[in-house]
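As a plain string of letters, each chain reads:
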Amino acid sequence: MELQDHFLIAMPQMEDDYFAHSVVYICEHNDQGTMGLVLNQPTDLSIAELCAKMNFMMKTDRTYGNDLVLAGGPVNIERGFILHTKTAQAFKHSYKVTDQLSLTTSADIIDTFGTAQAPEKYLVALGCASWTVNQLESEIANNDWLVVPANNRILFDVPYEDRWLEANLLLGIQHHNFAHQAGHC
């Protein structure tokens, strides 16, 4: 089962406090486990505030959007993860997820925010979600998650609060179809 560059969509009956009604973008899936970012749990910290705290706004007069930093998952909550579109510039700690998307964990990317060198699209998360080998496959088999290929519109353009419903629509599932428990037979 290839899960990299896919969305995990929490089934409505999932009772896990952290992952209930969540959408997770899978950044890495291999023989060592799985790592992803929760896409629909914004914090109250804006990217502009994060940059100010890191003193990047002091360098020049930069403009930032109103995007919020996401709570990317319950693991490594003190670390930042930036999922972004391809750039001409290389960063210290970047991992190619697809031909068009990379995951960067070094602060040098934040130095580009608000400038012409910034990635065209990006999201910032504190923490990530991770699973040991075969753990996620077991959760999928238990009907905890639906899986669908990811798309950039949901990753970067859909409002946080609409991402779970929009991801379900990729599968043709309307929210009113979740009145009762659904899943594999």
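Before reading further, recall that the structure is shown in the block above.
Summarised in this report is the structure supplied together with it. (Residues numbered from 1 in each chain as written. Predicted model: local features only at pLDDT ≥ 70, side-chain atom pairs only at ≥ 80, totals over all residues. Heavy atoms only, no water.)

## A closer look at the overall build of the protein chain
Move 1: In terms of helices and strands, the protein chain carries 4 helices and 10 strands.
Move 2: Mapped from its N terminus to its C terminus, the protein chain presents α and β elements in the order β-β-β-β-α-β-β-β-β-β-α-β-α-α.
Move 3: Burial analysis of the protein chain (185 residues in total) assigns 47% to the buried set.
Move 4: Restricting to contacts in the protein chain with at least 6 residues of sequence separation, those with at least 24 account for 66%.
Move 5: When the accessible area of the protein chain is evaluated, it comes to approximately 9700 Å², of which 49% is carbon and sulfur surface. (Helix = DSSP H or I, 4+ residues; strand = E, 2+ residues; numbered from the N terminus. Buried < 20%, exposed > 50% of the residue type's maximum accessible area, 1.4 Å probe, protein only. Contact = heavy atoms within 4.5 Å. Areas by Shrake-Rupley, 256 points an atom, 1.4 Å probe, with all protein chains shown as cover.)

## Side note on unusual backbone geometry
Move 1: Positive phi is not limited to glycine here, since His-21 has a value of about 55°.
Move 2: Among the structural elements, His-21 can be located in the loop between β1 (6-10) and β2 (23-30).
Move 3: The phi angle at Asn-76 is positive, at roughly 55°, despite the residue not being glycine.
Move 4: Within the fold, Asn-76 resides in strand β6 (residues 75-85).

## Description of the pairing of β2
Move 1: Across the 8 residues that make up β2, a large majority, 6, are buried.
Move 2: Note that β1 and β2 share 3 bridges and pair antiparallel. Bridging across to β2, Ile-9 finds its partner in Val-23.
Move 3: With 6 bridges joining them, β2 and strand β3 (residues 33-38) adopt antiparallel strand pairing. Residue pairing across strands places Ile-26 opposite Gly-36, the latter belonging to β3.
Move 4: The hairpin formed by β2 and β3 contains 2 residues between the paired strands. (Pairing = 2+ DSSP bridges.)

## A short note on the side chain of Glu-139
Move 1: Here Glu-139 lies in helix α2 (residues 135-141).
Move 2: Look at Glu-139: it is buried, it has no salt bridge, and the nearest opposite charge is Arg-163 at 19 Å.
Move 3: Sequence-distant contacts of Glu-139, defined by excluding residues within four places in its chain, comprise Trp-131, Asp-144 and Trp-145. (Lys, Arg positive; Asp, Glu negative; His and termini not counted. Salt bridge = Lys/Arg side-chain N within 4 Å of Asp/Glu carboxyl O.)

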